[in-house]
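Okay, here's what each chain looks like letter by letter:
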Amino acid sequence: MIVSQSSQLLAQPEAATGVTATAYDHHIELNWDQHPNPSVNTMRVYGSIDGAEYTLLGSVNSVTFNYVDFVGDFDVTSSYYLRAVGSGGQLGTPSDTVTATTFEMNDSMLLDMVQAYTFRYFYDFGHPTSGLARERNTTATVTSGGSGFGIMALIVGAERGFITYEQARVRTSKIVDFLLTVPRFKGAFSHWMNGATGAVIPFSPPDDGGDLVETAFLMQGLLTARQYYTGDSAEEIALRENITQLWEDVNWDWYRKESNEDVLYWHWSPTNNFSINLQLRGFNETHIAYILGIAAPNAEHSIPASLYHTGWAGGAYENSLGYYGIPLIVGRGKGGPLFFTHYSYLGFDPRGIKDQYANYFVANRNHTLINYEHCVDNPYNWEGYGPNSWGLTASDDPDGYLAHAPDSRQTDNGTISPTAALSSMPYTPEKSMDALKYFYRELGDEMWGPYGFYDAFNADRNWYANSYLAIDQGPIICMIENHRSGLLWDLFMRNPEIEPALEAIGFTTDSTIVSNEEIPQFLTSPPSISPNPVRGTTTLTLALDRAGAITVNLFGADGHNHGLVLEPGLLQPGSHQLTLHLRPRLKNGLYYLRINGPGGSAILPIILAD
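Residues numbered from 1 in each chain as written. Predicted model: local features only at pLDDT ≥ 70, side-chain atom pairs only at ≥ 80, totals over all residues. Heavy atoms only, no water.

Chemist: It is not clear to me how the overall build of the protein should be interpreted in this structure. Could you clarify?
Modeler: Looking only at helices and strands, the protein has 15 helices and 29 strands in total. Taking 610 residues into account, the globule formula puts the C-alpha radius of gyration at 25 Å, and the protein, at 25 Å, falls close to it. In terms of overall dimensions, the protein has C-alpha extents of about 85 × 70 × 55 Å along its principal axes. Residue pairs in contact within the protein that sit at least 24 positions apart in sequence constitute 67% of those at least 6 positions apart. Here the protein displays about 22,800 Å² of accessible surface, and carbon together with sulfur accounts for 49% of that area. (Helix = DSSP H or I, 4+ residues; strand = E, 2+ residues; numbered from the N terminus. Rg over C-alpha atoms; globule rule 2.2 N^0.38 Å. Contact = heavy atoms within 4.5 Å. Areas by Shrake-Rupley, 256 points an atom, 1.4 Å probe, with all protein chains shown as cover.)

Chemist: For this particular structure, what's the right way to read the packing of aromatic side chains?
Modeler: Geometry of an aromatic ring pair is reported as the spacing of the ring centres plus the angle between the planes. Counted under the stated rule, the structure contains 45 aromatic pairs. A ring pair is formed by Phe 119 and Phe 162, whose centres lie 5.7 Å apart and whose planes are at 50°; its orientation type is tilted. With Phe 119 in helix H2 (residues 107–123) and Phe 162 in the loop between helix H3 (144–160) and helix H4 (165–179), the pair connects residues that are 43 residues apart, well separated along the chain. For Phe 119, a relative accessible area of 3% corresponds to the buried category. Measuring from ring centre to ring centre gives 5.3 Å for Tyr 121 and Phe 122, while their planes differ by 80°; the resulting arrangement is edge-to-face. The class of Tyr 121 is buried, set by a relative accessible area of 0%. Sitting over the face of the ring of Phe 555, Arg 351 holds its NZ or CZ atom 5.8 Å from the ring centroid. The positively charged end of Lys 431 is found above the aromatic ring belonging to Tyr 372, 5.0 Å away from the centroid. (Phe/Tyr/Trp six-rings, centres within 6.5 Å; stacked < 30°, edge-to-face > 60°. Buried < 20%, exposed > 50% of the residue type's maximum accessible area, 1.4 Å probe, protein only. Lys NZ or Arg CZ within 6 Å of the ring centre and 35° of its normal.)

Chemist: How should I be thinking about unusual backbone geometry in this particular structure?
Modeler: With omega at 5°, the peptide bond leading from Gly 282 into Phe 283 counts as cis. Its place among the elements puts Phe 283 in the loop between strand S12 (267–268) and helix H7 (287–295). Of note, the amide linkage connecting Ser 530 to Pro 531 takes the cis form, showing an omega dihedral of 0°. Its location among the elements puts Pro 531 in strand S23 (residues 528–535). For Asp 75, which is not a glycine, the phi torsion comes out positive at approximately 55°. Structurally, the position occupied by Asp 75 is in the loop between strand S5 (66–70) and strand S6 (77–86). Even without being glycine, Glu 258 reaches a positive phi, approximately 60°. By the element assignment, Glu 258 lies in the loop between helix H6 (234–249) and S12.

Chemist: Got a minute to help me understand the environment of Gly 187 in this structure?
Modeler: Counting through the fold element by element, Gly 187 comes out in the loop between H4 and strand S9 (192–194). Relative accessible area serves as the criterion here: at 10%, Gly 187 is assigned to the buried category. On a C-alpha basis, the gap between Gly 187 and Gly 210 in space is 8.0 Å, while along the polypeptide they are 23 residues apart.

Chemist: Looking at this structure, I do not really get the sheet that holds strand S1 (residues 20–23). What am I missing?
Modeler: Read from one edge of the open sheet, three strands run S1-S2-S5, paired in antiparallel fashion. A strand with exactly one partner marks an edge of an open sheet, and here the two such strands are S1 and S5. When the angles between neighbouring strand axes are averaged without regard to direction, this sheet yields 20°. The pairing of S1 with strand S2 (residues 27–31) spans four bridges and is antiparallel. (Pairing = 2+ DSSP bridges. Axes fitted to C-alpha atoms, helices over the stretch in contact; angles between N-to-C directions.)

Remember that the coordinates give geometry; whether it matters functionally is a separate question.
Quick look at the structure:
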């Protein structure tokens with residue numbers, strides 16, 4: 001018997017298959033297989049909490065295969081089933097029932113969760129043709145700078161087990177192969193591109209060519225990847241060679257208005273030349289452009305180190321400003337939006353070094369603390385601000401998009417952006433972790449979605465974004481990882497071109513303590529090390545608040561991880577004196593001990609000496 005296609009389309013859809021429920025701290029996620037019936041256009045989700053009657057929770061379209069149910073507490077048991085809906089409105093057979101129970105997650109698990117969900121934006125939602133990161137979740141337009149962040153997110157994903165090393169390598173190769181085919185402007189990439197063809201999508205009418213800052217963010221990611229994919233397979237060798245080609249092709253010197261000026265310019269295009277006329281002067285997000293321009297391997301394309309001082313630091317750079325008892329060090333106003341402290345430092349490690357103006361870890365930490373104190377002080381009396389709800393940076397808001405900052409009532413309009421606090425995790429780990437818990441546990445019903453935290457909220461106007469932006473998602477996963485392991489800092493700083501560039505600029509070792517003044521929750525007092533300087537053996541003193549597994553890693557000032565100097569061991573609450581043997585012998589100089597405990601870490605600077 002032959003059944004007509006129209007009869008198939010009108011038949012009751014069969015039950016959804018592969019339905020699973022995964023519980024987290026305050027939410028449960030459902031996943032299922034793609035429905036085989038092409039007439040299905042909607043999937044309805046039904047739920048029951050603690051044995052109550054099933055109700056319709058919501059529905060998703062036919063190309064979505066997951067659903068987040070924010071149940072809002074620990075120890076909530078919820079059961080679910082799905083029913084497909086055909087094009088004629090016919091309701092399908094109920095699926096099997098699945099059940100899960102939420103549970104309280106510790107800090108480490110919460111960080112894993114946030115990183116895993118944020119990672120999906122770049123891997124699951126990456127453009128299917130190019131693999132590049134989409135500008136936001138409502139467009140197919142891809143962004144070059146956000147893709148640099150995404151390339152680093154792939155590395156984090158592989159290291160955290162969200163995908164395999166080979167999956168990350170394949171996606172990165174796909175991105176790099178595509179980048180070799182797109183229009184470039186003296187080696188620089190446009191801000192936006194068509195994700196399928198690579199054609200330039202103007203950011204504004206005159207901005208139809210190269211964007212040096214977005215290119216710098218992209219190159220930061222590519223150079224980090226070049227140090228990660230170090231295998232000897234033909235594919236990995238080709239990946240490294242192609243990244244090097246893209247790196248060598250960028251003519252940073254051209255963006256001095258054809259090598260004539262002592263400052264870099266943001267934009268150039270063949271049609272509009274330098275008409276936008278926007279100089280790169282700090283302090284802002286453009287720090288990495290000068291570092292890479294000086295480090296450039298092609299002597300014809302690099303810029304002199306003197307440009308760092310005449311260009312980047314050539315405007316109103318240093319200052320004597322301070323707010324809430326905290327010196328700003330560099331910048332203007334109350335520091336500006338927090339993305340200034342994130343974008344250039346996803347790869348470039350500011351710890352343990354300084355130029356003639358600042359130690360940028362300290363400067364960025366102070367900038368972050370001023371932003372935090374402003375939100376606690378809340379001079380404009382906005383709803384929803386407080387010690388657990390803070391962070392002003394560029395994001396969507398009720399009126400569109402704005403670079404939110406504590407500088408004035410115009411830039412602080414009551415909008416909090418989760419990326420601001422979460423991406424500041426290396427600078428303010430305890431305050432950032434408190435914000436993460438508040439955004440998730442208290443606001444998650446509005447602020448948590450398929451790719452983690454939505455972009456922003458304004459409680460004063462009862463507005464909650466449903467948007468995701470690559471340039472806001474990327475710093476979350478990457479800076480959390482730098483806080484947890486220093487992974488991306490370590491990789492980027494291994495590039496052989498970076499250290500000579502920093503030396504040419506005048507960076508020197510700085511023994512300023514860059515561990516945060518906040519003590520991790522597993523400690524009751526700051527850790528100490530004696531003797532210091534260290535000659536082979538030293539004693540680490542810890543006072544533990546709780547029992548937990550403790551490890552200690554040794555890092556160089558360049559961010560290189562020299563491995564464990566204290567193997568994993570379970571320590572009981574109380575005071576402990578632990579002997580550390582720092583062998584094999586390393587070069588004399590500044591190093592850092594990262595003390596890892598339950599849900600956090602502390603950093604201690606040490607000096608190795610003969």
